Amino acid sequence: MVSGTVRTVLGDLAPGEFGVCDAHDHLFLRSPRLPGQELDDVDAARAELAAFRAAGGASVVQWTPYGMGRRAADLARLSRATGVHVVCATGLHQAAHCPPELPGRLAGRLAEVFVSELTEGIGTSGVRAGLIKVAGGFHGLDAHACRTMTAAAEAHHATGAPIAVHLELGTAALDVLDLLCGESGVPGDRVILGHLNRSPDLVVQRQAADSGCWLAFDGPSRANHATDWRMPEAVRALAEAGFGDRLLLGGDTVVAQARSVDGGPGMPHLLRRTRLTLVAEVGAEQVRRILVDNPARAFAVDWRQAG
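Because the structure is a prediction, the values reported are computed rather than measured. (Residues numbered from 1 in each chain as written. Predicted model: local features only at pLDDT ≥ 70, side-chain atom pairs only at ≥ 80, totals over all residues. Heavy atoms only, no water.)

Visitor: Describe the overall build of the protein chain, listing the residues and the values that go with them.
Guide: Scanning the protein chain for helices and strands turns up eleven helices and twelve strands. In summary, the protein chain has a C-alpha radius of gyration of 17 Å against a globular reference of 19 Å for 307 residues, a match within 12%. Taking the principal axes of its C-alpha atoms as reference, the protein chain extends roughly 50 × 40 × 40 Å. Looking at the protein chain residue by residue over its 307 residues, the buried ones come to 55%. The contacts in the protein chain between residues at least 6 apart in sequence include a share of 76% that link residues at least 24 apart. Accessible surface, the protein chain as shown: approximately 11700 Å² in total, 51% of it carbon and sulfur. Between the centroid of the 29 positive side chains of the protein chain and the centroid of its 34 negative side chains there is a distance of 4 Å. (Helix = DSSP H or I, 4+ residues; strand = E, 2+ residues; numbered from the N terminus. Rg over C-alpha atoms; globule rule 2.2 N^0.38 Å. Buried < 20%, exposed > 50% of the residue type's maximum accessible area, 1.4 Å probe, protein only. Contact = heavy atoms within 4.5 Å. Areas by Shrake-Rupley, 256 points an atom, 1.4 Å probe, with all protein chains shown as cover. Lys, Arg positive; Asp, Glu negative; His and termini not counted. Charge placed at Lys NZ, Arg CZ, Asp CG, Glu CD.)

In structure tokens:
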């Protein structure tokens, strides 16, 4: 039996109630790097959640962190309206994805902000975050990444929250683990590595899995489609190596045209197409574990209230 609770936008939830999960996606997101492609339409987000539920989905983990248009209060309203459980993130992305003044404004108090959003709530929304999202760089970690990950580790130790990591083009997984699990003492099973399908290096993936961390495969990706087709092979190889209980799947919808309601694959694609592909590769029971059992364990926390 999984201990702890999953912290959703409507409150803490028993892991057994989490259901079929899109473990990495976005209902709302805005970035200076994606001008004119913002996810900020509430009606479209509601329709996307409804389509995901109609395909058999029960929960979505939104990895949109601080300063990128999370719309926490709207997430709560959408969860009530659609019946889909939603988990919201705190944390901070790469500096290039933040408003220019934001990193400086948060300097020296990142961990404090993360802890507050996990335990007290995001602004006046009444919504508490259920995970911390941070980001690495391309084949390495710059000073900004090191600061945000160190703060995320501090917030984890204060609260128990899992840390989800954007790997730039799927790289620097081992550097991230050296910092979070090695230097900062975060248990491997509290770290979720995202975008591993974008760098289909099976050796690195197995080395990362040895740490006990979670490996999140997401897509289909418009920007990185050239490697999407390698994902089933990687899932099979990891499952055969004994890491089937460490795998997660997500859609990672980051721009408006990628939503299913705007003509893209969107969240339902994970269950309508990706699931069927993986069933053919690794079998229905393994896919059920990846979509149901693994997310419940990855996002359930024995919460420690800071202070």
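Moving on, there is more to tell.
Visitor: I'd like a description of the packing of aromatic side chains, backed by residues and values.
Guide: If you walk through the whole model with that rule in mind, you get zero aromatic pairs. When the ring centre of Phe-28 is taken as origin, the NZ or CZ atom of Arg-71, which lies over that ring, is 5.1 Å away. (Phe/Tyr/Trp six-rings, centres within 6.5 Å; stacked < 30°, edge-to-face > 60°. Lys NZ or Arg CZ within 6 Å of the ring centre and 35° of its normal.)

Visitor: Just give me the short version of the pattern of salt bridges, but keep the residues and values in it.
Guide: All told, the structure shown has 17 salt bridges when counted by the stated rule. A salt bridge links Glu-281 to Arg-236, with the shortest nitrogen-to-oxygen separation between them at 1.9 Å. Linking Glu-281 in helix H10 (residues 269–282) with Arg-236 in helix H9 (residues 231–243), this pair joins segments that are 45 residues apart in sequence. Relative accessible area serves as the criterion here: at 30%, Arg-236 is assigned to the partly exposed category. Notably, a salt bridge pairs Arg-288 with Asp-293, separated by 2.8 Å at the nearest N-O pair. Of the residues examined, Asp-293 reaches a relative accessible area of 28% and is grouped as partly exposed. Residues joined by salt bridges that share partners form a network here, namely Glu-285, Arg-288, Arg-289 and Asp-293. (Salt bridge = Lys/Arg side-chain N within 4 Å of Asp/Glu carboxyl O.)

Visitor: Quick rundown of unusual backbone geometry? Include the residues and the values.
Guide: Among all residues except glycine, the phi angle is most often negative; among peptide bonds, the trans geometry is most common. Across the junction of Gly-219 and Pro-220, the peptide omega takes the value 10°, indicating a cis bond. Here Pro-220 lies in the loop between strand S10 (214–218) and helix H8 (225–228). Look at His-195: it is not a glycine, yet its phi comes out positive at around 70°. Along the chain, His-195 turns up in the loop between strand S9 (191–194) and helix H7 (202–209).

Visitor: So what about the nonpolar core? Which residues, and what values?
Guide: Formed by 72 residues in total, the largest nonpolar core has its most connected members in Ile-132, Val-165, Leu-193, Leu-215 and Phe-217. The contacts of Leu-193, once residues within four sequence positions are left out, are Val-165, Leu-167, Ala-173, Val-176, Leu-177, Ala-208, Cys-213, Trp-214, Leu-215 and Ala-216. Core analysis: the next-biggest nonpolar cluster, separate from the first, contains 18 residues, Cys-21, Ala-23, Ala-216 and Ala-298 among them. (Core = buried A, V, L, I, M, F, W, Y, C linked by side-chain atoms within 4.5 Å.)

Visitor: Can you break down empty space enclosed by the protein residue by residue, with the values?
Guide: The final tally for this structure, using the stated rule, is one cavity of 30 Å³ or more. Size it by volume and the largest cavity reaches roughly 30 Å³. Taken together, His-26, Leu-27, Ala-45, Glu-48, Thr-253, Arg-259 and Met-267 form the lining of the largest cavity. Its residues assigned to classes, the lining of the largest cavity comprises three nonpolar, two polar and two charged. (1 Å grid on protein atoms, 1.4 Å probe; cavity = no way out; pocket = protein on both sides within 12 Å on 5 of 7 lines; lining within 4 Å. Points joined across faces, edges and corners; volume = space filled by probe spheres on them. Nonpolar A, V, L, I, M, F, W, Y, C, P; charged D, E, K, R; others polar.)

Visitor: So what about the sheet that holds strand S1 (residues 5–8)? Which residues, and what values?
Guide: Read across the sheet, three strands follow the order S2-S1-S12 without closing on themselves; strand pairing throughout is antiparallel. Strands with a single pairing partner mark the edges of an open sheet, and in this sheet they are strand S2 (11–13) and strand S12 (300–301). Here S1 runs beside S2; their pairing, made up of three bridges, is antiparallel. The residue of S2 that forms the bridge with Val-6 is Leu-13. (Pairing = 2+ DSSP bridges.)

Visitor: An account of the packing of helix H6 (residues 173–183) against H7 is needed here, citing residue identities and associated values.
Guide: Relative orientation of the contacting elements H6 and H7 amounts to 15°, with a least axis distance of 9 Å. When the axis of H6 is compared with that of H7, the two are roughly parallel. The two elements H6 and H7 cross, and the hand of that crossing is left-handed. Contacts between H6 and H7 involve Ala-173, Leu-174 and Leu-177 from the former and Val-204, Gln-207 and Ala-208 from the latter. Among the residues making up the contact of H6 with H7, the classes are represented as five nonpolar, one polar and no charged. (Axes fitted to C-alpha atoms, helices over the stretch in contact; angles between N-to-C directions. Parallel < 35°, antiparallel > 145°, perpendicular 65-115°, else oblique. Left-handed = near helix turned anticlockwise from the far one by under 90°.)

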